[in-house]
Amino acid sequence: MEGVIGLVNKIQRACTLLGDYGDDRTLPTLWDALPTIVVLGGQSSGKSSVLESIVGRDFLPRGSGIVTRRPLVLQLYKIEPGQQDYAQFLHTGNKKFLDFAMVRSEIQQETDRVTGKTKQISPLPINLSIYSPNVVNLTLVDLPGLTKVAVEGQPESIVQEIEDMVRSYVEKPNCILLAITPANQDVATSDAIKIAREVDPAGERTIGVLTKLDLMDKGTNALDVLEGRSYRLQHPWVGLVNRSQADINKNLDMVVARRKEREFFATSPEYGHLANRMGSEYLAKLLSKHLESVIKARVPAILSLINTSIDELEAEMSYLGRPVAIDASAQLYAILELCRAFDRIFKEHLEGGRPGGDRIYGVFDYQLPAALRKLPLDHHLAMQNVRKVVSEADGYQPHLIAPEQGYRRLIDGALNYFRGPAEASVDAVHFILKELVKKSIGETQELRRYPTLQAEIASAAIEALERFRSDSKKTVLRMVEMESSYLTVDFFRKLPQDADKGGSPISSSADRYTEGHLRRIGSNISSYVGMVSDTLRNTIPKAVVYCQVREAKRCLLDHFYTQLGKKEGHRLSQLLNEDPVLMERRQKCSRRLELYKSARDEIDSTLWGK
């Protein structure tokens, strides 16, 4: 089953490489779902010696105080017998370290790079993989040793910072705790056991390790702990004999150290009966076997998380869209499709499928009539102004029957006021159409990836709307001018007949300046202007819709399409320049999706032999 453990190592390394480790996604990450062994203990508890015994190599920095100042994610890979051991760091790429003294130096340098050459700590992990025929497949996380006091160069908060870092790992339900306690210390005061008891009160996730058994005072032993009487765990305690400082100074070979450890337990009168489950070699096999069983138990949950994550990532990839094509013709096709998507949404706004188009109706039904009602016609047709215009119309020549020139001048002046509402209607609809263009661009999901193309489409659409506005304004003003250039004669021909029926004959030249006569002139012109107002109220909307709304629906981007056909390949490529944030998001999503699918396939293949 070591293939499953190796697979988990591979997946965890891929998670780390892709930045999935420590991610703040809503769902637990794949890394969190995979069982991991975390090594915890107080300073000088023998953690480094335990790890080196499991690996069979000297590779960890040593010294007084806090030596481990960043988490070390250690992944062990068993390779074929006879092959040379080597190590690789994630931060150094594919570089292989054959000299493990260089591994120690690199750990120290990488630690200093982040924390400086002080006693500070950092939660940013160092990722180290070791390949050897003499290891079992495992992933272990070595954490800074728990401490009770800050040393020189450290803030007082360092004690709590280390504990918080340790808890961030050991509180995860898939974490296996390798609690290291020195045998020459009372287990009741063990920092590792204290934390383990809090996060794993039943002892189901904790494997206790008792180090430095050979350094206990003569006449004492650790049988109460090792046999589970002092502090019981669900898994048996494992005792180790670490290399002495003298052995380390002499560079005692790890093979020799393991042999001496076996001899210690085999010949010990206190621990001889436990020799078959003591020592670093047994611990490594125990961890591997336990990790294997935990992985098998968690496979359904892991696969469920992977499948859920794949569904989410595929939905996100669908939202983000496919990568941009390289071929010029494919790019042109993509741009046209994006333009059509925008145009479709824009038309939906105008035709009622989406809100916004109803505001145009509001211009015609409320704004235009209100503007027509507010025209200063009463002032224009006031008695004083009518008298002034009529008296000035014929100069020194008195009008014979009716003041025709006065009529015409008063009508021209009144109709000239209609230019304002006509132009205002055109501008109001233009403003609404511009807003709908911007709104439609924002609602076109496919366009969100391409800010440059968004800007180009917006610019082209606004330019087209400006042309439509210009045409529309010319048309409505021409309609006003047409009303001024040719009056409806029948309207005025009926006036004498209406006057006769009402008993009020046309006044002679003698009473041309009387108040009654001038009032009738103002009344007649007011009636005519009212008729024109009703006409324009109906025809201005028709002209605006024809020249602006209809054209916007029909050919908003036609000029842009023509220009697209003339662009060279590099210009098309520039139009499809994506938002860098979205590009990075898609790349990360794509890599994570590839990882999750690969993990699912490999788990299926490894477990079920597919």
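Residues numbered from 1 in each chain as written. Predicted model: local features only at pLDDT ≥ 70, side-chain atom pairs only at ≥ 80, totals over all residues. Heavy atoms only, no water.

**A look at the overall build of the protein**
Helix and strand counts for the protein stand at 22 helices and 8 strands. Taking as baseline every contact in the protein between residues at least 6 positions apart, the subset at least 24 positions apart corresponds to 81%. Counting every atom, the protein has about 30,300 Å² of accessible surface; 51% of that belongs to carbon and sulfur. (Helix = DSSP H or I, 4+ residues; strand = E, 2+ residues; numbered from the N terminus. Contact = heavy atoms within 4.5 Å. Areas by Shrake-Rupley, 256 points an atom, 1.4 Å probe, with all protein chains shown as cover.)

**A look at the pairing of strand S2 (residues 72-78)**
When you tally the buried positions in S2, you get 6 out of 7 residues, the bulk of the element. Both S2 and strand S4 (residues 126-132) contribute to a ladder of 7 bridges, which runs parallel. Residue Gln75 lies in a different strand from S4, and its bridge partner there is Ser129. (Buried < 20%, exposed > 50% of the residue type's maximum accessible area, 1.4 Å probe, protein only. Pairing = 2+ DSSP bridges.)

**Some remarks on the side chain of Ser280**
Structurally, Ser280 can be placed in helix H10 (residues 280-320). Residue Ser280 is classed as buried on the basis of its relative accessible area, which comes to 2%. Beyond its immediate chain neighbours, meaning those up to four positions away, Ser280 contacts Ser53, Leu240, Arg258 and Glu261.

**Examining unusual backbone geometry**
A positive phi angle is found at Lys212, which is not glycine, with a value near 60°. Take Lys212: it is sitting in the loop between strand S7 (206-211) and helix H7 (223-226).

**Examining the packing of helix H16 (residues 419-443) against helix H17 (residues 451-485)**
The contact between H16 and H17 brings their axes to 9 Å, and the two run at 165°. The angle between H16 and H17 places the two elements in the roughly antiparallel class. By crossing handedness, the relation of H16 to H17 is classed as right-handed. Across the contact of H16 with H17, the residue classes tally to 13 nonpolar, 3 polar and 8 charged. (Axes fitted to C-alpha atoms, helices over the stretch in contact; angles between N-to-C directions. Parallel < 35°, antiparallel > 145°, perpendicular 65-115°, else oblique. Left-handed = near helix turned anticlockwise from the far one by under 90°. Nonpolar A, V, L, I, M, F, W, Y, C, P; charged D, E, K, R; others polar.)

**As for the environment of Val544**
As for its position among the elements, Val544 is in helix H19 (residues 515-555). The sequence separation of Val544 and Thr475 amounts to 69 residues, and the corresponding C-alpha distance is 8.3 Å. Ignoring anything within four residues of it in the chain, the contact list for Val544 reads Phe364, Val426, Val429, Ser472, Val476 and Val549.

**A word on the packing of helix H14 (residues 383-393) against H19**
Interaxial distance between H14 and H19 falls to 9 Å at its minimum, and their mutual angle equals 95°. By the angle class used here, H14 and H19 are roughly perpendicular. In this structure, H14 uses Met383, Val386, Arg387 and Val390 to contact H19, whose residues at the interface are Glu515, Leu518, Arg519, Ile521 and Gly522. Across the contact of H14 with H19, the residue classes break down as 5 nonpolar, 1 polar and 3 charged.

**Points about the sheet that holds S7**
Reading across the sheet, the 8 strands line up as S3-S4-S2-S5-S1-S6-S7-S8 and stay open at both edges, with mixed pairing between neighbours. In this open sheet, the two edge strands, each paired with only one partner strand, are strand S3 (86-89) and strand S8 (238-239). The pairing of strand S1 (residues 36-41) with strand S5 (residues 138-142) spans 3 bridges and is parallel. Each residue of the ladder has a partner; that of Ile37, found in S5, is Leu140. Sheet strands touched by helix H6 (residues 191-199): S1, strand S6 (175-182) and S7. Its angle to S6, the strand with the most contacts, is close to 150°.

**What about the nonpolar core?**
Where a protein is soluble and globular, its nonpolar side chains tend to be buried together. In this structure, Phe342, Phe346, Val437, Leu453, Ile457, Leu556 and Leu557 are the most contacted members of the largest nonpolar core, which totals 68 residues. By residue number, the principal contributor to this core is H19, which donates 13 residues. Discounting chain neighbours no more than four positions away, the residues touching Leu453 are Ile335, Leu338, Leu447, Phe560, Leu575 and Leu576. Counting residues in hydrophobic clusters, the runner-up holds 58 residues, among them Ile11, Ile107, Val209 and Ala599. (Core = buried A, V, L, I, M, F, W, Y, C linked by side-chain atoms within 4.5 Å.)

**Details of the environment of Val549**
Along the chain, Val549 turns up in helix H19. When its relative accessible area of 11% is taken as the criterion, Val549 is described as buried. Taking the C-alpha atoms as reference, Val549 lies 8.8 Å from His430; in sequence the two are 119 residues apart. The residues contacting Val549, other than those within four sequence positions of it, are Leu350, Ile360, Val429 and Val544.

**Some words on the pattern of salt bridges**
Taken as a whole and assessed by the stated rule, the structure comprises 31 salt bridges. For the salt bridge of Arg262 with Glu281, the shortest nitrogen-to-oxygen distance reads 2.6 Å. Here Glu281 lies in helix H10 and Arg262 lies in helix H9 (residues 254-267), a separation of 19 residues in the sequence. Two residues, Arg469 and Asp427, come together in a salt bridge whose shortest N-O distance is 3.3 Å. With Arg469 in helix H17 and Asp427 in helix H16, the pair connects residues that are 42 residues apart, well separated along the chain. (Salt bridge = Lys/Arg side-chain N within 4 Å of Asp/Glu carboxyl O.)

**Details of H14**
For H14, every residue scored as buried is listed here: Val386, Val389, Val390 and Ala393. The buried side chains of H14 occupy one side of the element, clustering within an arc of 95° when seen end-on. Buried residues in H14 make contact with helix H15 (404-416) and H19. (Arc of directions from axis to C-beta.)

**Description of the packing of aromatic side chains**
Tallied over the full model, the rule gives 7 aromatic pairs. Where Phe89 meets Phe97, the ring centres are 5.3 Å apart and the plane angle is 85°; that geometry is what we call edge-to-face. Of the two residues, Phe89 and Phe97, both sit in the buried class. One aromatic cluster is present, formed by Tyr77, Tyr86 and Tyr131 through successive ring pairs. The residue whose ring lies beneath Lys96 is Tyr86, and the NZ or CZ to ring-centre distance is 4.5 Å. Stacked on the ring of Tyr169, the Lys or Arg Lys172 has its end atom at 5.7 Å from the ring centre. (Phe/Tyr/Trp six-rings, centres within 6.5 Å; stacked < 30°, edge-to-face > 60°. Lys NZ or Arg CZ within 6 Å of the ring centre and 35° of its normal.)

**Describing the confidence of the model for the protein**
Per-chain confidence: the protein averages 83 in pLDDT, with 87% of residues scoring 70 or above. Per-element confidence in the protein ranges from a low mean pLDDT of 64 for helix H18 (residues 489-501) to a high of 96 for H16. Low pLDDT, under 50, characterises residues 20-28; the predicted model gives this stretch 20 contacts beyond four residues in sequence or across chains. pLDDT under 50 marks residues 502-510. Its contacts with residues more than four places away, or in other chains, come to 10 contacts. (pLDDT = per-residue confidence, 0-100.)

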